[in-house]
Amino acid sequence: MTTADSIISIANVGKKFGTYQALHGIDLEVRKGEIVTLLGPSGCGKTTLMRLIAGFEDVTSGNLRIGGKDMVGVPPEKRPINMVFQRYALFPHLDVYENVAYGLRVRRLPAAEIESKVRRMLDIVQLSQLSQRYINELSGGQCQRVALARALVNEPQVLLMDEPLAALDLKIRQTMLEEMKRIHAATGTTFIYVTHDQDEAMILSDRIVLLNKGEVVQIDEPHQMYAEPKSLFAAKFLGETNLFPVRMVAMADGSSGSVHATGAVFTGKQPQPLKEGDSALASIRPEALYFAASERHRQSFKARITDELFIGSRSFLTAQLTNGDRFRIQIQRGTACPPVSPEAQVDVFWSPEDVSIYPAALT
Amino acid sequence: MILRIFVALVISFLVAPLLIIVLFSFHATASLSFPFQGLSLRWYAALFEDAQLGDAMLTSLLVALVTAVATLVLGMCASLAWLRLGGRARAAVEAVTITPIALPGLFIGVSLLIALALFQVSLGKVTIIIAHIVISMPIVMIAMRARLALFDTMLEEASRDLGANSLYTFRKVTLPLIMPTLVSAAVLTFAISLDEFIVTGFVSGTETTLPMFIWSMMRRTVTPMINAISTVILIATLAILLISSHIERTRRAQSLRARESE
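Quick caveat, the model's predicted, so the values are computed rather than measured.

Draft legend 1. Here's a closer look at a nonpolar patch on the surface. All names here are of chain B. Among the surface-exposed residues, L3, F6, V7, V10, I11, F13, L14, V15, L18 and L19 lie close enough to one another that they form a single nonpolar patch of about 1,000 Å² accessible area. Mapped onto the secondary structure, L3 falls in helix 1 (residues 2-25). Residue L3 is classed as exposed on the basis of its relative accessible area, which comes to 65%.

Draft legend 2. Just the UniProt feature "transmembrane region" (unreviewed entry) in chain B, in detail. In this structure's numbering, the residues bearing the UniProt feature "transmembrane region" (unreviewed entry) are residues 57-83, 95-120, 126-144, 177-205 and 225-247 of chain B. Each end of residues 57-83 of chain B is marked by a C-alpha atom, and these two atoms are 38 Å apart; helix forms 100% of the span and strand 0%.

Draft legend 3. Spatial organisation of the UniProt feature "domain: ABC transmembrane type-1" (unreviewed entry) in chain B. Per the UniProt record, "domain: ABC transmembrane type-1" (unreviewed entry) is found at residues 57-244 of chain B. Secondary structure across residues 57-244 of chain B divides into 82% helix and 0% strand, with the first and last C-alpha atoms of the span separated by 22 Å.

Draft legend 4. A look at the UniProt feature "domain: ABC transporter" (unreviewed entry) in chain A. Mapped onto the present numbering, the UniProt feature "domain: ABC transporter" (unreviewed entry) falls at residues 8-238 of chain A. Here residues 8-238 of chain A is 36% helix and 27% strand, with 25 Å between the C-alpha atoms at its ends.

Draft legend 5. Quick look at the interface of chain A and chain B. On the side of chain B, 23 residues touch chain A, which itself brings 29 residues to the contact. Contact with chain B buries area across many residues of chain A, yet E77, H93 and Y102 of chain A alone supply 24% of it, more than any other trio. For the pair chain A and chain B, the interface holds three salt bridges. Note that D152 of chain B is salt-bridged to R87 of chain A, the shortest N-O span being 4.0 Å. Between chain A and chain B we count six residue pairs in polar contact (both at pLDDT 80 or more) in total.

Draft legend 6. Representation of the pattern of salt bridges in the model. Per the stated rule, a full pass over the model turns up 24 salt bridges over all chains. Its salt-bridge partner being R296 of chain A, residue E353 of chain A comes within 3.4 Å of it at the nearest N-O pair. Placement of the pair is E353 of chain A in the loop between strand 18 (346-350) and strand 19 (356-359) and R296 of chain A in the loop between strand 14 (279-284) and strand 15 (299-310), with a sequence separation of 57 residues. With its nearest N and O atoms 2.8 Å apart, the salt bridge here joins E156 of chain B to R84 of chain B.

Draft legend 7. Geometry of the sheet that holds strand 16 (residues 314-321) of chain A. All names here are of chain A. The strand order across the open sheet built from four strands is 17-16-15-18, with neighbouring strands paired in antiparallel fashion. Because the sheet does not close on itself, it has two edges, and the strands there are strand 17 (326-332) and strand 18. On average, each strand axis in the sheet is inclined to that of its neighbour by 50 degrees, with strand direction left out of account. For strand 15 and strand 16, the ladder comprises seven bridges, and the chain directions are antiparallel. Bridging across to strand 16, R304 finds its partner in Q320.

Conventions we followed
- Residues numbered from 1 in each chain as written.
- Chains lettered and ligands numbered in written order.
- Predicted model: local features only at pLDDT ≥ 70, side-chain atom pairs only at ≥ 80, totals over all residues.
- Heavy atoms only, no water.
- Patch = residues over 30% accessible without salt bridge, like charges linked within 9 Å, V, L, I, M, F, W, Y side chains within 5 Å.
- Areas by Shrake-Rupley, 256 points an atom, 1.4 Å probe, with all protein chains shown as cover.
- Salt bridge = Lys/Arg side-chain N within 4 Å of Asp/Glu carboxyl O.
- Helix = DSSP H or I, 4+ residues; strand = E, 2+ residues; numbered from the N terminus.
- Buried < 20%, exposed > 50% of the residue type's maximum accessible area, 1.4 Å probe, protein only.
- UniProt positions renumbered as here; feature names shortened; annotations may be inferred.
- Contact = heavy atoms within 4.5 Å.
- Buried area = accessible area lost by both parts, 1.4 Å probe.
- Polar contact = N/O pair within 3.5 Å; in protein donor to acceptor, adjacent residues only side chain to side chain.
- Pairing = 2+ DSSP bridges.
- Axes fitted to C-alpha atoms, helices over the stretch in contact; angles between N-to-C directions.

What follows is the structure in structure tokens.
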């Protein structure tokens, strides 16, 4: 990657709390103007990584540069960064206007400049009408927008957001995500967004940084990461997938494939090294399974449909293989599909392009 | 309905004695019981003529004021430091600062007297103030502990993230948030100091505070002057509360006006 347009450069960063190694060997370049999501389960180190960038924690090892400057020993108030805190951390003794004006008052800008900047920012987040409200008089979504405005009014080079939507309900979350994309487009600020929610990450991000147990698992664009997870963890964490226990075998044409207990054969991508005889897991997403063969969808097995879960635009069918293994098939509403019947066997087809085979977890 | 009667009873139980004292402070005769025999300001006049009483009152007010301010500053610093301690140190500091509330006044009085003698401090206003700080410190600490338990240290981080240093953060975020608690703790401390009697008796030397004066007066004869003194104190206390809440309101109005003119 070129470093010319890099705004944050993290090289081999580690962080220890006492004897606990929270992060190790983190490498990450963030480009100007992009939205990068730090995604992972709780305890994966994503919040720690963000607090390192914000300056609330110091790196134990490695190198952290922002805008080309080494950030070791630079306190949070001296970094060209602002943050949206998880529970917003808005000042309850100040009203909306004063919350947003806080950072500008700290910098002792002229009163007229503060006024115009705050007004403009309140317009962007559509809160002009509520400027005299106190924080406890606002809804969750409004608090969220105040927090965004309070950070963005300072025109930071980078905006950090720590699970900013976690406290909101589903409907508002959708709206806020669109809102954030709009605000990102309007300001052009680099966003670093921390979340454990894969949907938020995929909707919002230019790139996703997937973390697990203090390490970077994969960095990719959302489409790429969803289509080609490089590890079992990534496949399971991002979206839903079916995993079939298989054993690695040599195929007739000499390539490497795998076979399931029912005799079904899976060939596909093998992002991690596997050798003949290894036990492995073949991963296929529910929406990659079909009831009709085609030139692409040429591999198949027999299954019985035991249940249907209807959720409007689509349905999830629960299916069972002849050895009892269960899996899920997702179909769009209106697609022809066999009826739910514990007796009748149907053929299920897929494309080897949609299969990834991973080493079976040791645990 | 039953609940309402209950509430009315509790309130009248609390307020009735106050009203009776206020009423009888305006009584025309020295009688302290009904029937009421006419209104007069004679007991208030008597108050202002009694030089000794005036001295005692001034001493008490001065002591209470200094005690309130000193306890406030000490208590605020101690509790903010306490907030930043971890684990055992936190529990230890908590125990040490809060325990005095459970100790009998006699014990505190005797031990203070011994300590003061040890350091050869002569008894007087200063020793009374020291004693009152010892007594009121736990009150401030308990009030602050309750407030700080709800204090989101994330707010201080947010302030620093927005470019403010520690001092600015303290002035603009921490202090305004704990101010209501501090003010009410100070008012409470003032009230405690004003009527503290037991410990004061040990360390007062030749000084006389208002409660001590009233006590010695009562030993001779019960006079309606006591009602008048109590009423004056009651009004003064209410005035302090009203003034402090009024200040808060005007400040808010001022800051809104200041912004309009920006």
